[in-house]
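Structural description and commentary
Chain residues, written in single-letter form:
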Amino acid sequence: MSTAVTTSRPAAPFNPFERARTPEHVSAGTVSIESERAIAEAQGALVVAKRFPRDEAKAFARVMDACRRPSLAAVAMYAFPRGGETISGPSIRLAEELARSWGNIDFGLRELSRKDGVSEMEAYAWDLETNTKSAQRFTVRHVRDTRQGQKVLTDERDIYELTANQGGRRLRARILAVIPPDLVDAAVEECRRTMAGGNGEPLVDRVRKMVRAFAKLGVPAALIERRLGHPLDATTGEELAELGQIHNSIRDGMTAASAWFAAEE
């Protein structure tokens, strides 16, 4: 009687540096072409940025000129309450203008994948001159909170608006991460001066416009007066600038009107 002895080869160790296999439903040739194209575009952008560097003095002047425009200054700031204090900062609109005026910055928001009612997103900003990049990946559930509870979104437009709204806040943070902080502070102060001065427009007309803007958000003039502690006719330029920040925050869905204005008795 004989017994057979079998031996089994040990499993090959996992190689963390091995290139991931391409799924069968994906064309390997298409992936290779797109990868090479993306690499060539990135290299070309870096070469152009090095060949034509930004003039920081002119870039600073462009930022200040942009912040003197009332249309930009009106949407340049946001505010939200926290711990009894008001926290304010530059909005995504101001961040985009800073990137455009500073120059040689690639920034954007893209959807990486979508499955099971969830989108995987990435917000990024890349300073091509210094090769400094700030990126953040996050997920967005296709769900909207309503007073009746959560509502699952299936319409493509609703999903796009949801992901764009959620991504705008991350994109703002990524752009500000690669922009010099002193430039951001100077832009914020210039926008505040523009809002306080009004660029020659009578203060009473600007107050009326702000009241109409709040009315579209469901905030009546009486609640605005209650927050200010005086009639609207006595509103100052600084108070109007603060109201503009609050309006932007409510309009963009960052805060609710009830966080700023007490309900009428």
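As a starting point, this report considers the structure included with it. (Residues numbered from 1 in each chain as written. Predicted model: local features only at pLDDT ≥ 70, side-chain atom pairs only at ≥ 80, totals over all residues. Heavy atoms only, no water.)

Next up on the list: the overall build of the chain. Helix and strand content of the chain: 9 helices and 7 strands. Per-residue burial over the chain gives 34% buried out of 265 residues. Sequence separation of at least 24 residues holds for 58% of the intrachain contacts in the chain that already meet a minimum separation of 6. (Helix = DSSP H or I, 4+ residues; strand = E, 2+ residues; numbered from the N terminus. Buried < 20%, exposed > 50% of the residue type's maximum accessible area, 1.4 Å probe, protein only. Contact = heavy atoms within 4.5 Å.)

This next bit is on the packing of aromatic side chains. Under the counting rule described, the total for this entry stands at 1 aromatic pair. Pairing Phe214 with Phe261 gives two aromatic rings, centres 5.5 Å apart and planes at 80 degrees, and the pair type is edge-to-face. Separated by 47 residues along the polypeptide, Phe214 in helix H7 (residues 203-216) and Phe261 in the segment after helix H9 (237-251) bring together distant segments of the chain. Residue class for Phe214 comes out buried when judged on its relative accessible area of 0%. Owing to a relative accessible area of 4%, Phe261 belongs among the buried residues under this scheme. When the ring centre of Tyr124 is taken as origin, the NZ or CZ atom of Arg110, which lies over that ring, is 4.4 Å away. The cationic tip of Lys133 hangs over the ring face of Trp126; the distance from NZ or CZ to the ring centre is 5.5 Å. (Phe/Tyr/Trp six-rings, centres within 6.5 Å; stacked < 30°, edge-to-face > 60°. Lys NZ or Arg CZ within 6 Å of the ring centre and 35° of its normal.)

This model, assessed by the stated rule, comprises 1 cavity of 30 Å³ or more. Lining the largest cavity we find Ala73, Ala74, Ala76, Met77, Cys191, Arg192, Met195, Ala241, Gly244, Gln245 and Asn248. Mapped onto the lining of the largest cavity, the elements with two or more residues apiece are helix H6 (181-197) and H9. No other element matches the 4 residues that H9 contributes to the lining of the largest cavity. Among the residues making up the lining of the largest cavity, the classes are represented as 7 nonpolar, 3 polar and 1 charged. (1 Å grid on protein atoms, 1.4 Å probe; cavity = no way out; pocket = protein on both sides within 12 Å on 5 of 7 lines; lining within 4 Å. Points joined across faces, edges and corners; volume = space filled by probe spheres on them. Nonpolar A, V, L, I, M, F, W, Y, C, P; charged D, E, K, R; others polar.)

All right, on to the pattern of salt bridges then. Under the defined criterion, the tally for this structure stands at 16 salt bridges. A salt bridge links Arg114 to Glu111, with the nearest nitrogen and oxygen atoms 2.9 Å apart. Classification of Arg114 by relative accessible area gives partly exposed; the value is 37%. Judged by its relative accessible area of 36%, Glu111 falls in the partly exposed class. (Salt bridge = Lys/Arg side-chain N within 4 Å of Asp/Glu carboxyl O.)

Turning our eyes to something else, we now look at the pairing of strand E1 (residues 77-82). One ladder, built from 6 bridges, connects E1 with strand E2 (residues 85-90); its direction is antiparallel. Residue pairing across strands places Met77 opposite Pro90, the latter belonging to E2. Here E1 folds back onto E2, and the loop between the two strands holds 2 residues, one of which, Gly83, carries a positive phi near 60 degrees. (Pairing = 2+ DSSP bridges.)

Attention now moves to the packing of helix H4 (residues 92-102) against helix H5 (residues 156-178). Where H4 contacts H5, the two axes come as close as 9 Å, and the packing angle between them is 40 degrees. Of the possible angle classes, the one that applies to H4 and H5 is oblique. As H4 runs across H5, the sense of the crossing is left-handed. Between H4 and H5, the contacting residues are Ile92, Ala95, Glu96, Leu98 and Ala99 on the first element and Gly168, Leu171, Arg172, Ile175 and Leu176 on the second. Classifying every residue of the contact of H4 with H5 gives 7 nonpolar, 1 polar and 2 charged. (Axes fitted to C-alpha atoms, helices over the stretch in contact; angles between N-to-C directions. Parallel < 35°, antiparallel > 145°, perpendicular 65-115°, else oblique. Left-handed = near helix turned anticlockwise from the far one by under 90°.)

Turning to the sheet that holds strand E4 (residues 118-127), a few remarks are in order. Reading across from one edge, E3-E4-E5 is the order of the 3 strands in this open sheet, with antiparallel pairing throughout. Each end of this open sheet is capped by a strand with a single partner; those strands are strand E3 (105-115) and strand E5 (132-141). The mean angle between the axes of side-by-side strands here comes to 15 degrees, regardless of whether they run parallel or antiparallel. Across 10 bridges, the pairing between E4 and E5 is antiparallel. Along E5, the bridge assignment pairs Met121 with Phe138. Strands in contact with H5 are E3, E4 and E5; relative to E5, the strand with the most contacts, it is inclined by about 150 degrees.

Taken together, the 4 bridges between strand E6 (residues 143-146) and strand E7 (residues 149-152) define a ladder with antiparallel strand orientation. From the neighbouring strand, Val143 faces E7, where its bridge partner is Val152. Connecting the antiparallel pair E6 and E7 is a turn made up of 2 residues.

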